[in-house]
Amino acid sequence: MYRDHTKVIQIGDRKIGGGNPILIQSMTNTKTEDVEQTVAQILALEQAGCDIIRCAVPTMEAAKALKEIKKQIHIPLVADIHFDYRLAIAAMENGADKIRINPGNIGSTERIKAVVDVAKERGIPIRVGVELVEKYGKVTAEGLVESAMDKVHMIEEMGYDNLVISIKSSDVLMCAKAHELIAEKTNYPLHVGITEAGTLYSGNIKSAIGLGIILNQGIGDTIRVSLTGAPLEEIKSAKRILKTLGLRKGGIEVVSCPTCGRTQIDLIGLANKVETMVQDIPLDIKVAVMGCVVNGPGEAKEADIGIAGGVGVGLLIKHGEIIKKVPEDQLLDTLREELLNWK
């Protein structure tokens, strides 16, 4: 698989590429200058499973805030830079573990070289991004790849190859094609995602399809699910995508039946409560939430454990066998108790 042969890049105390686990990234939506709020959000993201965090650095104050933020967090920090090369340099001087730049909007070759020189001196990796490029009168996958490789070659000619490449697009199929093309041209690790994917609803669908296509081909070393919503939702979605593709173990998978006329409980509410309840339980098992006691036991056979609801009563099921009947209002607590004492 392609990702097994990419160049290993060290980002803080984490590694991507060379067959290392695919790391999950997100980006803070606080003002980076507000250290307290930014740290609080990063710590919550760490708890949810974020491996690498990126912060916008639009001002010199934000660049300087990175030093204090770094003291209080436990995952690598990437500085997101646009337009001003001096912010990239300041971010590295204040502890950024990686910088994200788009060489096309940084300015002259001399300014790009000034950034590269500091990165080289400090051993800080650069994520190289590109703008949408028109080819044959429109934006194409080929144009994205050519632009990315042009920028990479420019930095290589400056004597630096500690690089990660990102060629995101909001067009799912074009993005997938671009990744297929670039995987044949370079061994640099790839940061994969569908950019500007949209709201929680549309963004999750586009990201699941796009990342699914790309990752399942063995392409991609680190990912971000970009959503117009809370960053915590990005982590939850990324973890689920990786687990569904068999690329990450751990964490309880909750499956539930669609509602129908036989449903005798608030299945939608119960399934959501179970999904929330299991977030902090470190088991690698499947939990089923079924809507009726008629079909529930049979349909839950593929799960390790499950619950099924009836009129005022609920069943606890293990591998398709009923092991306990409890009042409906005790169903959730009974399931949690079983999971906490799982053997």
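The rules behind the values
- Within each chain, residues carry numbers counting from 1 in the order of the written sequence.
- Confidence filtering applies because this is a predicted model: local features only for residues at pLDDT of at least 70, side-chain atom pairs given and counted only at 80 or more, and all residues used for totals across whole chains, interfaces and linings.
- For the side-chain quantities, the full set of heavy atoms in the structure was used; hydrogens and water were omitted.
- Only residues whose relative accessible area exceeds 30% and that take part in no salt bridge are eligible for patches, with like-charged residues grouped when within 9 Å of each other and nonpolar side chains (Val, Leu, Ile, Met, Phe, Trp, Tyr) grouped when within 5 Å.
- Computed with a 1.4 Å probe, the accessible areas rest on the Shrake-Rupley method; for each residue, only the protein chains presented here act as cover.
- Definition used for salt bridges: Asp or Glu carboxyl oxygen within 4 Å of a side-chain nitrogen of Lys or Arg.
- Under the counting rule used here, the positive set is Lys and Arg, the negative set is Asp and Glu, and His together with the chain ends is not counted.
- Every charge is mapped onto a representative atom, which is NZ of Lys, CZ of Arg, CG of Asp or CD of Glu.
- For helices the rule is a DSSP run of H or I covering at least 4 residues; for strands it is a run of E covering at least 2, with both sets numbered from the N terminus onward.
- Contacts are residue-level and defined by heavy atoms, with any inter-residue pair within 4.5 Å sufficient.
- Strands pair, by our definition, only if DSSP identifies at least two bridges between them.
- For helices, the axis comes from a line fit to the C-alpha atoms of the stretch in contact; other axes are also lines fit to C-alpha atoms, and the angle between any two N-to-C directions lies between 0 and 180 degrees.
- Whether a residue is buried, partly exposed or exposed follows from its accessible area with a 1.4 Å probe, protein chains only, as a fraction of its type maximum: under 20%, in between, or over 50%, in that order.
- Seen with its strands pointing away from the viewer, a crossover is right-handed when the path leading from the first strand over the helix to the second is clockwise.
- The nonpolar core is taken to be a set of buried Ala, Val, Leu, Ile, Met, Phe, Trp, Tyr and Cys residues, with the residues joined through side-chain atoms within 4.5 Å.
- The scheme is simple: roughly parallel for angles under 35 degrees, roughly antiparallel for over 145, roughly perpendicular for 65 to 115, oblique for anything else.
- By convention the crossing between two helices is left-handed if the near helix lies anticlockwise of the far one by an angle smaller than a right angle, and right-handed if it lies clockwise.
- Under the grouping applied here, Gly and all other residues not named as nonpolar or charged are polar, the nonpolar ones being Ala, Val, Leu, Ile, Met, Phe, Trp, Tyr, Cys and Pro and the charged ones Asp, Glu, Lys and Arg.

(A) Structural context of a negative patch on the surface. Negative charge collects at one region of the surface, where Asp266, Glu328, Asp329, Asp333 and Glu337 lie side by side. Locating Asp266 in the fold gives a position in the loop between strand 13 (253-256) and helix 10 (267-277).

(B) Spatial organisation of a nonpolar patch on the surface. Taken together, Tyr201, Ile205 and Ile209 make up a surface patch of nonpolar side chains, about 340 Å² in accessible area. Considering the arrangement of structural elements, one finds Ile209 in helix 8 (residues 200-215).

(C) Structural view of the side chain of Asn94. By secondary structure assignment, the location of Asn94 is in the loop between helix 3 (85-93) and strand 6 (98-101). Discounting residues that sit within four places of it in the chain, Asn94 has contacts with Ala63, Lys64, Leu66 and Lys67.

(D) Spatial organisation of the sheet that holds strand 13. Strand order in the open sheet formed by 5 strands is 13-14-15-16-17, with mixed pairing between adjacent strands. Where the open sheet ends on each side, the last strands, each with one partner, are strand 13 and strand 17 (321-327). Averaged over all pairs of adjacent strands, the angle between strand axes in this sheet comes to 20°, irrespective of strand direction. Two strands pair when backbone bridges link them, and strand 16 (residues 313-318) and strand 17 are joined in this way by 6 bridges, in the antiparallel orientation. Across the sheet, the residue bridging to Val313 is Pro327, located in strand 17. Against the sheet, helix 10 makes contact with strand 13, strand 14 (286-290) and strand 15 (305-309), and its axis sits at roughly 160° relative to strand 14, the strand it touches most.

(E) Molecular detail of the pairing of strand 6. Of the two faces of strand 6, both are covered, the one formed by Lys98 and Arg100 as well as the one formed by Ile99 and Ile101. Here strand 5 (residues 77-80) pairs with strand 6 via 3 bridges, running parallel. Bridge pairing in strand 6 places Asp80 opposite Arg100. In this fold, strand 5 hands off to helix 3, which returns the chain to strand 6; that crossover is right-handed. As defined by bridge partners, strand 6 adjoins strand 7 (residues 126-129) across 3 bridges and the pair is classed as parallel. Bridged to Arg100 within strand 7 is Arg127.

(F) Highlighting the environment of Glu321. Examined against the element boundaries, Glu321 turns out to sit in strand 17. Residue classification places Glu321 among the exposed positions, given a relative accessible area of 54%. Along the primary structure Glu321 and Glu180 are separated by 141 residues, whereas in three dimensions their C-alpha atoms are 46 Å apart.

(G) Molecular detail of the nonpolar core. Grouped together as the largest cluster of nonpolar side chains are 74 residues, with contacts concentrated most on Leu66, Ile81, Ile99, Ile126, Ile165 and Ile223. Among residues more than four places away in sequence, those in contact with Leu66 are Thr32, Cys55, Val57, Leu77, Ala79, Ala91, Asn94 and Ala96. Listed in part, the 29 residues of the second largest apolar core include Ile281, Ile285, Leu315 and Leu335.

(H) Layout of the packing of helix 10 against helix 12 (residues 331-340). Interhelical geometry of helix 10 versus helix 12 gives an angle of 30° and a closest axis separation of 11 Å. By the angle between their directions, the pair helix 10 and helix 12 is classed as roughly parallel. The two elements helix 10 and helix 12 meet at a crossing, and its hand is right-handed. In this structure, helix 10 contributes Leu270, Lys273, Val274 and Met277 to the contact, and helix 12 contributes Leu331, Leu332, Leu335, Arg336 and Leu339. Its residues placed into classes, the contact of helix 10 with helix 12 shows 7 nonpolar, no polar and 2 charged.

(I) Representation of helix 10. Looking at helix 10, one finds that the buried residues are Leu267, Gly269, Leu270, Ala271, Val274 and Met277. Where helix 10 is buried, its residues touch strand 13, strand 14, strand 15 and helix 12.

(J) View of the sheet that holds strand 6. Taken together, the 8 strands give a closed barrel; going around it, the order is 3-4-5-6-7-10-11-12, and neighbouring strands pair in parallel fashion. Sitting on the sheet, helix 6 (residues 141-157) touches strand 7 and strand 10 (163-166), and the angle it makes with strand 10 is about 165°.

(K) Expanded view of the pattern of salt bridges. Summed over all chains, the structure comprises 17 salt bridges. One salt bridge in this structure joins Arg248 and Asp51, with 3.0 Å as the shortest N-O distance. Residue Arg248 is found in the loop between helix 9 (231-244) and strand 13, and its partner Asp51 is found in the loop between helix 1 (35-48) and strand 4 (52-56); the two are separated by 197 residues along the sequence. For Arg248, a relative accessible area of 23% puts it in the partly exposed group. Taking relative accessible area as the criterion, Asp51 reaches 10% and is therefore assigned buried.

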